[in-house]
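Structural features, examined
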Amino acid sequence: MEVSCDDIARHAFKHGYDVRMSSTNRGGQRHADDFYSTPEWATRALLPLLGPLARRRILEPSAGTGAIVRVLLAAGATSDNITACELDEERAAECRQLC
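No experiment lies behind these values; they were computed from the predicted model shown.

1. Focus on the overall build of the protein
A count of helices and strands for the protein gives four helices and two strands. Beginning at the N terminus, the succession of helices and strands in the protein can be written as α-α-β-α-β-α. Split into buried and exposed, the 99 residues of the protein put 25% on the buried side. For the protein, contacts bridging at least 24 residues in sequence account for 60% of all contacts bridging at least 6. Counting every atom, the protein has about 7,000 Å² of accessible surface; 50% of that belongs to carbon and sulfur.

2. What to know about the nonpolar core
Residues Leu 47, Leu 53, Ile 58, Ala 63, Val 69, Val 71, Leu 72, Ala 77, Ile 82 and Cys 95 constitute the largest nonpolar core, which totals 10 residues. It is helix H3 (residues 67-74) that contributes the most residues to this core, three residues altogether. In this structure, Leu 47 is in contact with Leu 53, Val 71, Leu 72 and Ala 75, ignoring residues within four places of it in sequence.

3. Brief notes about the confidence of the model for the protein
Per-residue pLDDT for the protein averages 80, and the proportion of residues at 70 or more is 69%. At the level of individual helices and strands, the protein shows its lowest average pLDDT in helix H1 (residues 5-14), which scores 66, and its highest in H3, which scores 95.

4. Let's talk about the pattern of salt bridges
Counted by the stated rule, this structure contains three salt bridges. Among the salt bridges present, the one from Glu 40 reaches Arg 44, with a minimum N-O distance of 3.2 Å. Highlighted residues: Glu 40 and Arg 44, both in helix H2 (residues 40-50), separated by four residues, approximately one helical turn. For Arg 91, the salt bridge goes to Glu 86, with nearest N and O atoms at 3.6 Å.

Rules used in this analysis
- Residues numbered from 1 in each chain as written.
- Predicted model: local features only at pLDDT ≥ 70, side-chain atom pairs only at ≥ 80, totals over all residues.
- Heavy atoms only, no water.
- Helix = DSSP H or I, 4+ residues; strand = E, 2+ residues; numbered from the N terminus.
- Buried < 20%, exposed > 50% of the residue type's maximum accessible area, 1.4 Å probe, protein only.
- Contact = heavy atoms within 4.5 Å.
- Areas by Shrake-Rupley, 256 points an atom, 1.4 Å probe, with all protein chains shown as cover.
- Core = buried A, V, L, I, M, F, W, Y, C linked by side-chain atoms within 4.5 Å.
- pLDDT = per-residue confidence, 0-100.
- Salt bridge = Lys/Arg side-chain N within 4 Å of Asp/Glu carboxyl O.

Next up, the structure:
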């Protein structure tokens, strides 16, 4: 199942989510290493578009401290079907504790 950016935006607006989120829309403040944790609501907004998570292989290429991974696990994904990558060792260690 392929989900486009337009699909995500339509779904988010339909359900009342404010999708105006970007690293440049945070009051002009840049974080160290440009680390911006994804809000839980943003991941939850996508869950209905993904279908059953236990049947999906999921790649999280910028896992950070595991904000997205945490929501996916709570929604039925398992550590066996999530591949999470993070370059920062401290954040990667925090993310690894989730699985």
